[in-house]
Amino acid sequence: MNTGLKITAFAAAIAATFGTAYGVGTSIDPVVAKKPPTAHDEHAEAGEGAGGKTAGGHESAPAGGLQISEGGYTLALDTPRVAAGTPSVLSFSVKDESGRKVTAYQREHGKELHFIVASRDLTVYRHLHPTRAADGTWSVRAELPAAGGYRAFADFKPAKKGATGVTLGADLAVSGKAEPAALPPARATAEIDGYRVTLDGALTPGKANELKLTVTKDGKPVTDLQPYLGAYGHLVALRAGDLAYLHVHPNGEPDDGVTKPGPEVSFTATAPSSGAYRLFLDFQHEGEVRTAAFTVDVPAGGADANTGAKPSAERDETEEADGHGH
């Protein structure tokens, strides 16, 4: 375990232990390595994942979001603390090696930058869409319902020629009376606003596997999902403890002549290690984006033990995701 990961996990432990009143003190970020690791490739494309090797035997990218600085870029939060349950404007920038705010990005999946905020206990998740001012300052309005420690992620690719994707992470404090929750149990289904999403597939350390998520409404398959960020689904996985970030994309895309608009959305992903992971699926239907959340246990063993789906006897258990926050 590197120094940055240790400090991040330690900070999470402190927040959980002394969380009865999460104050407005300075948040803690991982120490930056003297030699930044190689930036991970484009959001862990299909067939690749974070950490380990792909199915083809090639080295896959490490999990992102563990460092505030990487590859010459730094995530600077102008609002490192907000009040729980209060609409607030989150402001931040990405700075280059010279300390200048970055103003040029490559658009990926319809956006220059993807901004994710998640609570340390992984019960609150927000995929937000900030706007960028001419000087490189990003801002977005959000309301975070629960006090405690959070992690903010900026996922982007600079416009610089030859640049690869970068995911940076910074700690965010939400003041108020904090009561960290236990990680929700692993279940094969999640319910949100009358929709049921079923997860089938496995996450395996160092090995690419397919995850299939099937969307139904009122017991009927949803076959008219709408494109969201250039796809029929958007999946983010966060590892419990240090919140290592794994951003994957679906297999296929709208209008490619092959991919259907539901009810299944397929992804290929690799777990960087064993442990518990929280998966968040964003999907759009009838003009609204919703988020289905799952907990997946990834033991250090054979692939058979790593399925996110539970036995059929447990499939009647469901879980409702905390709101999407668009």
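The model shown is predicted, which means the values in this text are computed figures rather than measured ones.

Rules of the game
Each chain has its residues counted from 1, running along the sequence as written. Local features in a predicted model are, by the rule used here, given only for residues with pLDDT of at least 70; side-chain atom pairs are given and counted only at 80 or more, and totals for whole chains, interfaces and linings are based on all residues. Side-chain measures were taken over the full set of non-hydrogen atoms in the model, leaving aside hydrogen atoms and water. By the criteria applied, helices consist of DSSP H or I runs no shorter than four residues and strands consist of E runs no shorter than two, each listed in order from the N terminus. Three exposure classes are used, based on accessible area relative to the maximum for each residue type with a 1.4 Å probe and protein chains only: buried under 20%, partly exposed in between, and exposed over 50%. Contacts are assigned to residue pairs that have any heavy atoms within 4.5 Å of one another. Two strands form a pair only when DSSP identifies at least two bridges running between them. Aromatic contacts are taken between Phe, Tyr and Trp rings whose centres are within 6.5 Å, Trp giving its six-membered ring; a plane angle under 30 degrees counts as stacked, one over 60 as edge-to-face, and the others as tilted. Fitting a line to C-alpha atoms yields each axis, with helices limited to the stretch in contact; the angle taken between N-to-C directions then spans 0 to 180 degrees. Every residue is assigned a pLDDT by the predictor, reflecting its confidence on a scale from 0 to 100. Any carboxyl oxygen of Asp or Glu within 4 Å of a side-chain nitrogen of Lys or Arg constitutes a salt bridge here.

Regarding the overall build of the protein chain
- When helices and strands are tallied, the protein chain shows 1 helix and 19 strands.
- The buried share among the 326 residues of the protein chain stands at 51%.
- Contacts in the protein chain between residues far apart in sequence, at least 24 positions, make up 69% of those at least 6 positions apart.

Comments concerning the sheet that holds strand 4 (residues 88–95)
- Here we have 5 strands laid out as an open sheet, ordered 1-2-4-8-7, and antiparallel in their pairing. A strand with exactly one partner marks an edge of an open sheet, and here the two such strands are strand 1 (69–70) and strand 7 (131–132).
- Here strand 1 runs beside strand 2 (residues 73–77); their pairing, made up of 2 bridges, is antiparallel. Residue S69 lies in a different strand from strand 2, and its bridge partner there is T74.

Description of the packing of aromatic side chains
- In the structure shown here, the tally under the stated rule is 8 aromatic pairs.
- With a centroid separation of 6.0 Å and an interplanar angle of 80°, the aromatic rings of Y73 and F156 are classed as edge-to-face. Note that Y73 is positioned in strand 2 and F156 in strand 9 (residues 148–156), a separation of 83 residues in sequence. Pair check on accessibility: Y73 and F156 agree, each one buried.

Focus: the side chain of Q284
- Checked against the element boundaries, Q284 lands in strand 18 (residues 275–285).
- Other than its neighbours up to four places away in sequence, Q284 contacts L225, Q226, P227, Y228 and V289.

Some details on the sheet that holds strand 5 (residues 113–119)
- The 5 strands lie next to each other as 3-10-9-5-6, forming an open sheet whose pairing is mixed. Edge positions in the sheet fall to strand 3 (81–83) and strand 6 (125–128), since each has one partner strand and no second. For this sheet, the mean angle separating the axes of adjacent strands, direction not counted, is 25°.
- Pairing of strand 5 with strand 6, which is carried by 4 bridges, proceeds in the antiparallel orientation. Across the sheet, the residue bridging to V117 is R126, located in strand 6.

Points about the environment of H234
- Mapped onto the fold, H234 is located in strand 15 (residues 234–239).
- For H234 and H127, which are 107 residues apart along the polypeptide, the C-alpha to C-alpha distance reads 10.0 Å.

A look at the pairing of strand 18
- Burial runs high along strand 18: 10 of the 11 residues are buried.
- Summarising the sheet, strand 15 and strand 18 pair through 6 bridges and their orientation is antiparallel. Within strand 18, the residue paired with L235 across the bridge is L281.
- Relative to strand 19 (residues 288–298), strand 18 runs antiparallel, the two sharing 11 bridges. Residue D282 lies in a different strand from strand 19, and its bridge partner there is T291.
- Hairpin connection of strand 18 to strand 19: 2 residues between the antiparallel strands, including E286 at a positive phi of 55°.

As for the confidence of the model for the protein chain
- On average, residues of the protein chain score 79 in pLDDT, and 73% of them are at 70 or above.
- This stretch, residues 1–61, has a pLDDT under 50; its non-local contacts, to residues over four places away or in other chains, come to 136 contacts.
- For residues 302–321, every residue scores under 50 in pLDDT, and the model assigns this stretch 57 contacts once sequence neighbours within four places are set aside.

Here we look at the pattern of salt bridges
- One pass over the structure, following the stated rule, counts 12 salt bridges.
- Ionic pairing is found between E108 and K157, a salt bridge with its closest N-O pair at 3.7 Å. Placement of the pair is E108 in the loop between strand 4 and strand 5 and K157 in the loop between strand 9 and strand 10 (166–175), with a sequence separation of 49 residues. The same class applies to E108 and to K157, which are both buried.
- A salt bridge links R151 to D171; the shortest N-O distance between them is 2.7 Å. Separated by 20 residues along the polypeptide, R151 in strand 9 and D171 in strand 10 bring together distant segments of the chain. D171 carries the same exposure label as R151, and that label is buried.

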